[in-house]
Amino acid sequence: MSDIETTTVSDEGYASTSQVGDFDLQIDATGETGPDPNTALVATYASCYIPAFRVGAQQRGIEDLGTVQIDASAELDDDDDLASIAFDLHVEADVDEDDLAEIVERGEDICHVHSALREELQADISAYGDAF
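The notes below deal with the structure included here. (Residues numbered from 1 in each chain as written. Predicted model: local features only at pLDDT ≥ 70, side-chain atom pairs only at ≥ 80, totals over all residues. Heavy atoms only, no water.)

Some thoughts on the pairing of strand β4 (residues 68-76)
Sheet faces and side chains relate simply in a regular strand, where the side chains alternate between the two faces.
Alright, step 1. Direction of pairing for β4 relative to strand β5 (residues 82-91): antiparallel, over a ladder of nine bridges. Paired with Asp71 across the strands is Asp88, a residue of β5.
Alright, step 2. Following β4, the chain reverses through five residues before pairing antiparallel with β5; Asp80 in that reversal takes a positive phi of roughly 65°. (Pairing = 2+ DSSP bridges. Helix = DSSP H or I, 4+ residues; strand = E, 2+ residues; numbered from the N terminus.)

Structural data, given as structure tokens:
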């Protein structure tokens, strides 16, 4: 048996619904009835990176980061394929730049989506402490 199993169905057009455990995930290649696949990938990447960043902070003795927000952006090439991804990561806690850099790097090591992407698509991350 596989570790992850999903079922994806498209009844017509370019929209599909994936059954992911008990959840329905709707993706639409045209972006009309849900996020398009590239946008969903960028959001999934950010959703994976935030908990990885929190674990990296805990491993360095920083227990309470407060609110963590990623403003993600991505560039597409002429074929509408993802060409680059960038994260502006904002942290409520006042964390100094050296600690932020170490935590960012550790988060990259922990984040499963980061590891799954080809190197040129791994996010360029800028982190800002005391951001809220």
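There's more to say after this.
Regarding the nonpolar core
Alright, step 1. Counting residues in each nonpolar core, the largest one holds 28 residues, and the members touching the most others are Tyr49, Phe53, Ile85 and Phe87.
Alright, step 2. When contributions to this core are tallied by element, the ones reaching two or more residues are α1 (37-59), β4, β5 and α2 (97-110).
Alright, step 3. At eight residues, α1 tops the list of elements feeding residues into this core. (Core = buried A, V, L, I, M, F, W, Y, C linked by side-chain atoms within 4.5 Å. Buried < 20%, exposed > 50% of the residue type's maximum accessible area, 1.4 Å probe, protein only.)

With respect to the sheet that holds strand β3 (residues 23-28)
Alright, step 1. Spatially, β1-β2-β3 is the arrangement adopted by the three strands of the open sheet, whose pairing is antiparallel. Where the open sheet ends on each side, the last strands, each with one partner, are β1 (7-9) and β3. Sheet twist, expressed as the mean angle between neighbouring strand axes with direction ignored, is 25°.
Alright, step 2. Note: strand β2 (residues 15-20) against β3, six bridges, orientation antiparallel. Looking across to β3, one finds that Ser18 is bridged to Leu25. (Axes fitted to C-alpha atoms, helices over the stretch in contact; angles between N-to-C directions.)

As for the environment of Pro35
Alright, step 1. With respect to the helices and strands, Pro35 occurs in the loop between β3 and α1.
Alright, step 2. A relative accessible area of 36% means that Pro35 is categorised as partly exposed.
Alright, step 3. For Pro35, the contacting residues outside a window of four places in its chain are Gln26, Ile27, Asp28 and Ala40. (Contact = heavy atoms within 4.5 Å.)

Overview of the side chain of Asp28
Alright, step 1. Along the chain, Asp28 falls in strand β3.
Alright, step 2. In this structure the side chain of Asp28 is engaged in a polar contact, spanning 2.7 Å, whose partner is the side chain of Thr30.
Alright, step 3. Among the polar contacts made by the side chain of Asp28, one reaches the main-chain amide nitrogen of Glu32 at a distance of 3.3 Å.
Alright, step 4. Excluding anything up to four places from it in sequence, Asp28 contacts Tyr14, Ala15, Thr33, Gly34, Pro35, Asp36 and Pro37. (Polar contact = N/O pair within 3.5 Å; in protein donor to acceptor, adjacent residues only side chain to side chain.)

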